[in-house]
Amino acid sequence: MSELEAEVQGEPRDSGKKKKKKKKEKRMVSEEEEKRKQEEQVEKEEERSDSVLMRGIFKVTKKSHDVLLTRTRLTWTPIIPESPTGDGSVLEAGVLLLQDVYAVKVKRRRAASQQSGGAVLGLALFHCKRRGRRLEEDTLHLHNASAEHTHSWYNTLKELLTGFSSRPRYVKVFINPSSHKKEAVHIYRDHVAPLFKMADIRTDITVTDRKGHALSVMKECKLDEYDGAVCVGGDGSVAELCHALVLRAQLDANSPEKPVRAVLPLGIIPAGSTDVVSCSVHGVRDPVTAALHIVLGHLQQVDMCSFLSNGQLVRFGFSAMFGFGGQSLARAEKKRWMSSSRRREYALVKTLARLRPEDCQLSFLPAQNSRGSLFGYRDQGRDQEQEADSDMEESWMSNQGLYLSISIMCIPCLSPHAPQGLAPNTSLDNGSASLIAVGNASRSEFIKHLKRYSSSSGQFSFPFVETHSVSAVKIRPRSLIGWSEEESDEEGESKTAPIIQSEGAAFPWNIDGELVEIPNEVFIRVHPRLITLYGEEVDEAESTITCSCL
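Parameters and conventions
Residues numbered from 1 in each chain as written. Predicted model: local features only at pLDDT ≥ 70, side-chain atom pairs only at ≥ 80, totals over all residues. Heavy atoms only, no water. Helix = DSSP H or I, 4+ residues; strand = E, 2+ residues; numbered from the N terminus. Buried < 20%, exposed > 50% of the residue type's maximum accessible area, 1.4 Å probe, protein only. Areas by Shrake-Rupley, 256 points an atom, 1.4 Å probe, with all protein chains shown as cover. Pairing = 2+ DSSP bridges. Axes fitted to C-alpha atoms, helices over the stretch in contact; angles between N-to-C directions. Parallel < 35°, antiparallel > 145°, perpendicular 65-115°, else oblique. Left-handed = near helix turned anticlockwise from the far one by under 90°. Contact = heavy atoms within 4.5 Å. Nonpolar A, V, L, I, M, F, W, Y, C, P; charged D, E, K, R; others polar. Phe/Tyr/Trp six-rings, centres within 6.5 Å; stacked < 30°, edge-to-face > 60°. Disulfide = S-S within 2.5 Å. Polar contact = N/O pair within 3.5 Å; in protein donor to acceptor, adjacent residues only side chain to side chain. Expected span 1.5 Å × (residues − 1). Arc of directions from axis to C-beta. Patch = residues over 30% accessible without salt bridge, like charges linked within 9 Å, V, L, I, M, F, W, Y side chains within 5 Å. Salt bridge = Lys/Arg side-chain N within 4 Å of Asp/Glu carboxyl O.

Things to note about the overall build of the protein chain
Argument step 1. Helix and strand content of the protein chain: 11 helices and 21 strands.
Argument step 2. Classification of the 550 residues of the protein chain by burial places 48% in the buried group.
Argument step 3. Total accessible area on the protein chain stands at roughly 28,300 Å², and carbon and sulfur atoms take up 47% of it.

Quick notes on the pairing of strand β17 (residues 433-439)
Argument step 1. With seven of seven residues buried, β17 is to be regarded as a mostly interior element.
Argument step 2. Residue alternation in β17 divides its side chains into two sets, Ala433, Leu435, Ala437 and Gly439 and Ser434, Ile436 and Val438, and both sets are buried.
Argument step 3. Here strand β16 (residues 397-409) runs beside β17; their pairing, made up of six bridges, is antiparallel. In the strand pairing of β17, Ile406 is matched with Ala437.

Topic: the packing of helix α3 (residues 184-198) against helix α7 (residues 287-295)
Argument step 1. Here α3 crosses α7 at 30°, and the two axes come no closer than 10 Å. Here α3 lies roughly parallel to α7, going by the angle between them. Every pair of crossing elements has a handedness; the one defined by α3 and α7 is right-handed. Along its contact with α3, which presents Ile187, His191, Val192, Leu195 and Phe196, the element α7 presents Pro287, Val288, Ala291, Leu292, Ile294 and Val295.
Argument step 2. Each residue belonging to the contact of α3 with α7 can be placed in one class, and the counts come to 10 nonpolar, one polar and no charged.

Some words on the environment of Ser415
Argument step 1. By the secondary structure assignment, Ser415 is in the loop between β16 and β17.
Argument step 2. Spatially, the C-alpha atoms of Ser415 and Glu540 are 8.6 Å apart, while their sequence positions differ by 125 residues.
Argument step 3. When neighbours within four sequence positions are excluded, Ser415 is seen to be in contact with Thr274, Val276, Cys279 and Ala541.

Notes on the packing of aromatic side chains
Argument step 1. Under the defined criterion, the tally for this structure stands at eight aromatic pairs.
Argument step 2. Each ring, one from Tyr188 and one from Phe196, has its centre 6.3 Å from the other, and the planes form 75°; the classification is edge-to-face.
Argument step 3. Given the relative accessible area of 1%, Phe196 is considered buried.
Argument step 4. Relative to Trp509, the ring of Phe322 has its centre 5.1 Å away and its plane inclined at 40°; by these criteria the two rings are tilted.

Some details on the state of the cysteines
Argument step 1. According to the stated counting rule, one finds zero disulfides in the structure shown.
Argument step 2. Summary of cysteine pairing: Cys410 is not part of a disulfide, and the nearest cysteine sulfur, belonging to Cys305, is at 3.8 Å.
Argument step 3. The buried category is assigned to Cys410, whose relative accessible area is 0%.

Observations regarding the side chain of Glu466
Argument step 1. Secondary-structure assignment places Glu466 in strand β18 (residues 465-477).
Argument step 2. Taking the relative accessible area as the measure of exposure, Glu466 reaches 4% and is therefore buried.
Argument step 3. Here His468 takes part through its side chain, which lies 2.8 Å from a polar atom of the side chain of Glu466.

Thoughts on unusual backbone geometry
Argument step 1. In the Ramachandran plot, Asn254 falls in the positive-phi region, its phi being about 55° despite a non-glycine side chain.
Argument step 2. Relative to the helices and strands, Asn254 is located in the loop between α5 (235-252) and β11 (266-270).
Argument step 3. Under the relative-accessibility criterion, Asn254 is labelled exposed at 66%.
Argument step 4. The residue Asp275 is not glycine, and still its phi comes out positive at about 55°.
Argument step 5. Inspection of the secondary structure puts Asp275 in the loop between β11 and α6 (276-282).

Comments concerning helix α9 (residues 340-353)
Argument step 1. Between its first and last C-alpha atoms α9 spans 20 Å; for 14 residues at 1.5 Å apiece the expected length is 20 Å, and the two agree.
Argument step 2. Looking at α9, one finds that the buried residues are Ser340, Arg343, Ala347, Leu348, Thr351 and Leu352. Down the axis of α9, the smallest arc covering the buried residues is 155°, so these residues share one side. Facing away from the buried side of α9, by more than 90 degrees, are the exposed residues Arg342 and Ala353.
Argument step 3. Looking at the buried side of α9, the elements it contacts are α8 (324-333) and α10 (443-451).

Comments concerning the packing of helix α4 (residues 213-220) against α5
Argument step 1. α5 packs onto α4 with a crossing angle of 25° between their chain directions and a minimal axis gap of 9 Å. Looking at the two axes, α4 sits roughly parallel to α5. You can see that α4 and α5 cross each other, and the crossing is right-handed. Here His213, Ala214, Leu215, Met218, Lys219 and Glu220 of α4 lie close against α5, whose contacting residues are Glu240, Leu241, His243, Ala244, Leu245, Leu247 and Arg248.
Argument step 2. Considered class by class, the residues forming the contact of α4 with α5 number seven nonpolar, two polar and four charged.

Description of a nonpolar patch on the surface
Argument step 1. A contiguous nonpolar patch, built from Val185, Ile205 and Val207 and spanning about 210 Å² of accessible area, is present on the exposed surface.
Argument step 2. Position of Val207 among the secondary structure elements: in strand β9 (residues 202-207).

This is the structure in structure tokens:
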């Protein structure tokens, strides 16, 4: 090839490169321009939020302060006269974020016989402060005797607080008076109702009198009247109401096959014995903390699972246990006359004494964002997973064998007994569930596995434990003899009927702390962000309880 021909062929290539370079430079310029506009918009919003709306002098703890109000915060700085020498001490300003304020009231001086009116003294701002995982009530007092000045500040603060759209104004409250120590009514009346009244939240209260009462009410009531729902009770009440909210959304959308996201957010006031769901979104079993999350409108989207058998929906829920978890709950339900702690210990010891594995076929669909073991421990040679096809059928993995326990949890399941949760590496809204399959092992090794739930880690490092992040699970018991048939002679008849009773061989399931007897294969699928709860993501629960049975 001559030099002239080489030059002629090289010119188109060079021109093509130049065009690509110009396009790239143009794209970079447009991206930089868009980024600059976004930054300017953010700066404008920050300037708008930080611009001073009001400024005045109030007394805070008997000292005069210069008080500034913006759209996001209230700051106060002590007013100190200049010293003759000119030396001025720099004092730190107090700061209160308006997102933590749930009520503002005008303070007045009234005589004992007065019901209204009285001399204006200033303002009281009711807010929450954090102490670890707990939210506590606190009050900031701003003293100023000028009625005009005080009311001007009061109206502005009221308007700013009304701007928090996630805060409820009218809620439907369900109270289970029979939960745990039958303290639900007192907990609501003493700790929750005063906070709701202070925050001007109206309530429509239903005190349930039977299992399924909340479900029947939710099917009939007009949801568009409410901003949220509140459950005062234990895990059973919470599970029923969560199921009811999702089922109602499914009915309203006329979508019998596909689950629909719940319309109303749910607030949970813990009044049970373990309160797993409450601990998972609050970190503590504290009614004041739970009520403040509701009042301040802290919303957290949460995944849920659907549980089906023979193609029929059993219920929606957060967790399920087959084997040891279901058997221990079935034994506990037969001793309802015992206290909750004694009943729990009895069931654990009795089930451990008669520990036996279940022969079943376990199939699961690995979560798309998961490769191998969920907790980084042993995955029994299943690290080489196939890529998911459009129908995801080829990714199903199956195993047949003996299992002491199989758990499926789409939330961490925190509790005082397991501070880091039964599934510590699962988050509330990651779109997957934790599958924990405990194979056949000796009683002593299984007890070691259970005891490590109350410690920091290590419960999944045993060779007979495998863990996976999954989006769906199928469990098919292979035994022809149901658990209830084997136990009937020794345990006697149960006074508490399970949610589902079936003819023939049946196996106990622990679904969100509720006993469900199912004889057939169970199909479980995770539905991302199916419900919204009042709370936040927490990584560990407050531990105040120790179990002496192990």
